[in-house]
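Descriptive analysis of the structure
As a plain string of letters, each chain reads:
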Amino acid sequence: LGVLFTRPVTALVRSARRIQENDLQSPVPRVGPRELRQLGAAMDEMRIAIREARENLIGANAQLAERAEASAAGLAAVTQELAVVHSVTTSLGRSAAEAMQVATEQLTRLEWVDAACVLLRRPNGDLYPSAEHGMRAGADIALAAALRRNFTAIGADGVYIDNADVRGPVQALVPHGIRALALVPLTASRDHGLLAVCAERATTFTPGHRSLLDAVRVELATSLDRFELAQEVEESRRLGESVLREMQDGAIVVDT
């Protein structure tokens, strides 16, 4: 009788040790007298409850890790975008050519941008590439040609093409490494042209992407306005000096 009683107790002790060692898969035996079978059933219920709680905890930890990773990635992206806008803004006090070049270089630092190009407008309305960064050889010329053919006017909101493979007018740009394209106007007091950002893969331009491009294009267009105005003032000054220098008679300047 003692042996019959001892064996179920030994089995329960072994099960308890297995649970203590994190073995939550092996069931607890329910053998022996009724009291021992009830104890075994209670221990087995405890084993299942511990296993389910641990699984829930692991799942919750995984979700927290994913959310933390997403938050970190989002914060990194926002920080990078702010750095790009800041770099573009601080470059605008330089020459127009340098400001446009810095803008294209900084934009390609963004994860979703592979190349950028500034296309200025000639007096006859044609667009020509003035600054670019990251574009394949000849891609800026091909882009300007495609825009002349297919986009004679672009509204204030710009044009966003997520996948050039399925958009007829710019399908010819795919061999040049342009599958996604965003075009925003460089317009302040006058129409200077366009800012283009390109990606070599299909890309969805999110509202955040569009807001950043809008901020960059406003700053760049305003800067181009200022550079052109300063150039016009300087030309007027040089013309006035030239006229005065060549005059044979004196000149008196009065107000109204």
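An account of the accompanying structure is given in this report. (Residues numbered from 1 in each chain as written. Predicted model: local features only at pLDDT ≥ 70, side-chain atom pairs only at ≥ 80, totals over all residues. Heavy atoms only, no water.)

1. Some words on the pairing of strand E4 (residues 180–187)
Our working rule: Categorising residues by exposure relies on relative accessible area from a 1.4 Å probe, with only protein chains included: less than 20% of the type maximum marks a residue as buried, more than 50% marks it as exposed, and the intermediate range marks it as partly exposed. The secondary structure listing takes helices from DSSP runs of H or I that are at least 4 residues long and strands from runs of E that are at least 2 residues long, numbered from the N terminus. Two strands are counted as paired when DSSP detects at least two bridges linking them.
The buried count for E4 comes to 7 of 8 residues, which makes it a mostly enclosed element. The pairing of strand E3 (residues 159–161) with E4 spans 3 bridges and is classified as antiparallel. Following the sheet pairing, isoleucine 161 is matched in E4 by leucine 181. Here E4 pairs with strand E5 (residues 191–199) via 8 bridges, running antiparallel. By the bridge assignment for E5, alanine 180 is matched with alanine 199. What sits between E4 and E5 in their antiparallel hairpin is a turn of 3 residues.

2. Focus: helix H4 (residues 139–150)
Selection criterion: Any helix carries an expected span of 1.5 Å times its number of residues minus one. Contacts were defined at the residue level, with two residues in contact if any of their heavy atoms lie within 4.5 Å.
Here H4 spans 16 Å end to end across 12 residues, near enough to the 16 Å set by a 1.5 Å rise per residue. Tucked inside the fold, the buried residues of H4 contact strand E1 (115–121), strand E2 (127–133), E4 and E5.

3. Here's the deal with the sheet that holds E3
Our working rule: A fitted line through C-alpha atoms serves as each axis, taken over the contacting stretch for helices, and the angle formed by two N-to-C directions is quoted from 0 to 180°.
Read from one edge of the open sheet, 5 strands run E2-E1-E5-E4-E3, paired in antiparallel fashion. Both outer strands of the open sheet, E2 and E3, are each paired with one neighbouring strand and no more. For this sheet, the mean inter-axis angle between neighbouring strands, taken without regard to orientation, is 20°. Two elements, E1 and E5, share 6 bridges in a ladder whose sense is antiparallel. Counted as the bridge partner of leucine 120 is glycine 193 from E5. Contacting E1, E2 and E5, helix H3 (residues 96–107) runs over the sheet at an angle of about 55° to E2. Where H4 meets the sheet, its contacts fall on E1, E2, E4 and E5, and the angle it forms with E2 comes to roughly 145°.

By themselves, these observations are geometric and do not establish any function.
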